[in-house]
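These are the residues of each chain, in order.
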Amino acid sequence: MHPPRALQSLQTKLIILCLLVGGLPSMGVAWLAYHNSASSMEAQIGEGAARLTFNTVDKIDRGLFERYGDVQAFANLEVARTGDAARISAIMNRMMQIYAPMYQLMVIADATGTIIAVNTVDPSGQPLDTAPLIGRDVRRAPWFTQAVAPSHKAGETVLSDLEEDPDVARLYQGHGRVLTFSYPIKDPDGRVVGVWMNRFDWRVVEQILQSVVTRAAEREQRHFAFTLVRQDGMVLDSPHDGDILHLSLTYRPMIQRLLTLTNGTNGTDTDAGIASPVRSVLGFVREPGYSVFPGFGWGLIMEEAETEAYASVYELRRHVLWFLFAMASVAVVIALIFSRSLVRPLKTAADLMEDICQNWDLTRRLSVGNRDEVGRLCESVNLFVGKLQ
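Now for a description of the structure that goes with this document. (Residues numbered from 1 in each chain as written. Predicted model: local features only at pLDDT ≥ 70, side-chain atom pairs only at ≥ 80, totals over all residues. Heavy atoms only, no water.)

## Side note on unusual backbone geometry
Point 1. Ala100 connects to Pro101 through a cis peptide bond whose omega is 5°.
Point 2. Tracing the chain through its elements places Pro101 in the loop between α4 (85–98) and β1 (103–110).
Point 3. Positive phi values are uncommon outside glycine, yet Leu245 reaches one of about 60°.
Point 4. With respect to the element layout, Leu245 can be found in the loop between β7 (235–237) and α8 (253–258).
Point 5. One non-glycine residue, Ser291, lies in positive phi territory at about 55°. (Helix = DSSP H or I, 4+ residues; strand = E, 2+ residues; numbered from the N terminus.)

## As for the pairing of strand β8 (residues 266–272)
Point 1. As defined by bridge partners, β8 adjoins strand β9 (residues 279–286) across seven bridges and the pair is classed as antiparallel. Of the residues in β9, the one forming a bridge with Thr270 is Val281.
Point 2. Hairpin connection, β8 to β9: the antiparallel pair is bridged by six residues. (Pairing = 2+ DSSP bridges.)

## A word on the sheet that holds strand β6 (residues 224–229)
Point 1. Strand order in the open sheet made by the five strands is β7-β6-β10-β9-β8, with antiparallel pairing throughout. The open sheet has two edge strands, β7 and β8, and neither has a second partner. Averaged over neighbouring strand pairs, the angle between their axes works out to 30° when direction is ignored.
Point 2. Those strands touched by helix α7 (residues 203–220) are β6, β7 and β10 (299–305), and its axis lies near 160° from that of β6. (Axes fitted to C-alpha atoms, helices over the stretch in contact; angles between N-to-C directions. Contact = heavy atoms within 4.5 Å.)

## Quick word on α4
Point 1. For α4, spanning 14 residues, the distance from its first C-alpha to its last is 20 Å, which sits close to the expected 20 Å at 1.5 Å a residue.
Point 2. When α4 is considered as a whole, its buried residues turn out to be Ile88, Ser89, Met92, Asn93, Met95 and Met96. For α4, the angular spread of the buried residues around the axis is 165°, confining them to a single face. Away from the buried face of α4 by more than 90 degrees, exposed residues Ala86, Arg94 and Ile98 are located. (Expected span 1.5 Å × (residues − 1). Buried < 20%, exposed > 50% of the residue type's maximum accessible area, 1.4 Å probe, protein only. Arc of directions from axis to C-beta.)

## Regarding the packing of aromatic side chains
Point 1. One pass over the structure, following the stated rule, counts twelve aromatic pairs.
Point 2. Centre to centre, the rings of Phe224 and Phe226 are 5.6 Å apart; their planes meet at 80°, and the pair counts as edge-to-face. Each member of the pair Phe224 and Phe226 is classed as buried.
Point 3. Here Phe293 and Phe296 contribute two aromatic rings whose centre-to-centre distance is 5.9 Å and whose plane-to-plane angle is 70°, an arrangement assigned as edge-to-face.
Point 4. The exposure class assigned to Phe293 is buried, which follows from its relative accessible area of 1%.
Point 5. Ring pairs connect the aromatic residues Tyr68, Trp202, Phe293, Phe296 and Trp298, which therefore count as one cluster. (Phe/Tyr/Trp six-rings, centres within 6.5 Å; stacked < 30°, edge-to-face > 60°.)

## Let's talk about the nonpolar core
Point 1. Within the largest apolar cluster, 58 residues are counted, with the highest numbers of intra-cluster contacts made by Leu64, Leu179, Trp196, Trp298 and Ile301.
Point 2. With eight residues, the top contributor of residues to this core is helix α2 (residues 10–75). (Core = buried A, V, L, I, M, F, W, Y, C linked by side-chain atoms within 4.5 Å.)

## Details of α7
Point 1. The end-to-end C-alpha distance of α7 is 25 Å, a good match for the 26 Å that 18 residues give at a rise of 1.5 Å each.
Point 2. All buried positions along α7 are accounted for by Val204, Val205, Ile208, Leu209, Val212, Val213 and Ala216.

## Remarks on the environment of Asp122
Point 1. Mapping Asp122 onto the fold places it in the loop between β2 (115–118) and α5 (142–148).
Point 2. In this structure Asp122 touches Met96, Gln97, Leu128 and Tyr172, once residues within four positions along its chain are discounted.

## What about the sheet that holds β1?
Point 1. What the five strands build is an open sheet, ordered β2-β1-β5-β4-β3; its pairing is antiparallel. Since the sheet does not close on itself, it has two edges, and those belong to β2 and β3 (158–164), each with one partner. Across the sheet, the axes of successive neighbouring strands diverge by a mean angle of 25°, strand direction being ignored.
Point 2. As defined by bridge partners, β1 adjoins strand β5 (residues 192–201) across seven bridges and the pair is classed as antiparallel.

## Description of the side chain of Arg286
Point 1. Looking at the element boundaries, Arg286 is found in strand β9.
Point 2. With no salt bridge to any partner, buried Arg286 finds its closest opposite charge in Glu287, at an N-O distance of 7.0 Å.
Point 3. Here the side chain of Arg286 touches Gly297 through a polar contact of 2.8 Å, landing on its backbone oxygen.
Point 4. With residues up to four places along the chain from it excluded, the contact list for Arg286 reads Gln231, Leu258, Leu259, Thr260, Leu261, Thr262, Asn263, Gly264, Thr265, Gly297 and Trp298. (Lys, Arg positive; Asp, Glu negative; His and termini not counted. Salt bridge = Lys/Arg side-chain N within 4 Å of Asp/Glu carboxyl O. Polar contact = N/O pair within 3.5 Å; in protein donor to acceptor, adjacent residues only side chain to side chain.)

## Topic: the pattern of salt bridges
Point 1. Within this structure, the stated rule accounts for 15 salt bridges.
Point 2. Residue Arg62 pairs with Asp58 through a salt bridge whose shortest N-O separation is 2.7 Å. Here Arg62 and its partner Asp58 are both found in helix α2, four residues apart, which amounts to about one turn of the helix.
Point 3. Looking at Arg62, the relative accessible area reads 40%, which means it is partly exposed.
Point 4. A residue is classified by how much of its surface remains accessible, and Asp58, at 16% relative accessible area, is buried.
Point 5. Between Arg191 and Asp187 there is a salt bridge, with its nearest N and O atoms 3.0 Å apart.

Set out below in structure tokens:
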């Protein structure tokens, strides 16, 4: 079986040879350079996502570190030891406004676990109906029992992870999502005479996360989302409000891996998103805490659609493909010009010999344009025809 006639042509063979010898190696080098550049760019994008999540959770932890110290400072105020409800409430009201918008509720319970004082205004100074809290028994509340326990160590604030507090929900007509910080109040002899408890407004954390998202959209035209999870995988913050404290993500392998990491460890991955099912670049970090604040062990995940995160890589690939196409086109044109300059005299010589064989016209001669081997061949054909004539 013979190859197609077009492949038997010397011109076709020369074009293929030129492409193989000249074009393909150049295109191969260009593609290898693109692959290395793309890999480096993807690694930098992943590192940027991991760094962003770390910086964001660090900002949150620095704020919570201050709240960790606030409750200790409040509990050590001399007025806190007096048991004077009016004076204590007045101080609480001032603190609520000074530290606005950090706190939604401040409470003091005495040594028996009975609430004796509470703030009566919100962070803006507007009245709050907190009177029903006075006299409530909280001796079984974790924030109280842990603060008065003999095992409690000086300088350690008692922490309670995110919860929906019904009192805060009633007072502020919302979800009542709070973090709780408490610390024992002690008399000069070191005896526990009460516990100061602060309910921290969770919306402060939500605003930190949202500000990062908004700033990236406005300044860099990037669009991503954060998901914050508890140590057990429960969602603490998400673009989908209904998931908060209602959805556990432990079924996701990436979440399982994240929650086994050492606090402060960050990384990156590509997988289906959490807030959105599209394939995304995921940056994640395990909350490290800050200074004496140990943190809650949360996991923070940032996701950005892969098509947007790798937009610069895709743009580079488009440029490289156009470059390779241009190189291939130029190589074909050069090979075509070169092959035609070589093949045309040979074809003319072949046509002349065929004409002589058919018509015996010995007066025809070939034009000799070059002094190369093809030119010498043409001269030899002319000499041969002349001899025959």
